[in-house]
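For reference, the chains in residue letters:
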Amino acid sequence: MLDCLSEMLNSSPYRDVKVIDVARKAGTSPATFYQYFPDVEGAVLEIAEQMASESGSLSEVLAGRSWVGKAGWQTAQDFVDGFLDFWRKNDAILRVVDLGAAEGDKRFAKLRLKILNSATTPLTGSIKDLQTKGRVDKDINPAAVSGALVVMLSGVTSQLKGFQTWGVKQADLRPNLAQLVHLGVTGRKPTK
């Protein structure tokens, strides 16, 4: 049923998805659906929990990586690629999570924070590490910078169609985002 709901969210607005439609698509009855979930929102939360647990892949992209020289440029590119790929893969459910969080639902807000933290926390650690080595100004707040970078990336992913109308190709977006991330983390233009 969750797979059917995920599929429906990819092609229909969240508020248009009804229990009877999910049950029909799954080849079962609404009564069966209600045995597992209180409503569509409860099922969406289940999918979102699973997706949030997979967001650890965002941390893995940065594990043990260098931000110095050409390696730093590669780290920035890999991080942006991983972030955009994760967001694209989970676009439908992330839209619902964002909507629920924006409407003040604490369950969705908690999930959104968990997902964003999977990228923010390792970036913060990278900036702190660079500060310790004297490569980044001590006056920089690592959590503020990493949080701003992650929110920027999540905002960009929700506006991809807007970028296309501005004449920005996907091939141009990724390296420019990587340059912004590199500059934000290191305070320096990347060595390419």
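If you're wondering where the values come from, they're calculated on a predicted model, not measured in any experiment. (Residues numbered from 1 in each chain as written. Predicted model: local features only at pLDDT ≥ 70, side-chain atom pairs only at ≥ 80, totals over all residues. Heavy atoms only, no water.)

A. Seen up close, the environment of proline 122. Looking at the secondary structure, you find proline 122 in helix H8 (residues 106–132). Taking the C-alpha atoms as reference, proline 122 lies 11 Å from phenylalanine 79; in sequence the two are 43 residues apart. Setting aside residues up to four positions removed in sequence, proline 122 forms contacts with Ser59, Leu62 and Asn117. (Helix = DSSP H or I, 4+ residues; strand = E, 2+ residues; numbered from the N terminus. Contact = heavy atoms within 4.5 Å.)

B. Geometry of the domain arrangement of the protein. The domains assigned to the protein are domain 1 (1–37) and domain 2 (48–186). On a C-alpha basis, the centroid separation for the pair domain 1 and domain 2 is 31 Å. If you look at the interface, domain 1 gives five residues, while domain 2 gives seven residues. Around 480 Å² of area is buried between domain 1 and domain 2 when both sides are counted, 61% of it from carbon and sulfur atoms. Remark: the boundary between domain 1 and domain 2 carries one salt bridge. For the salt bridge of arginine 15 with glutamate 103, the shortest nitrogen-to-oxygen distance reads 2.3 Å. (Domains from an automatic or database assignment. Buried area = accessible area lost by both parts, 1.4 Å probe. Salt bridge = Lys/Arg side-chain N within 4 Å of Asp/Glu carboxyl O.)

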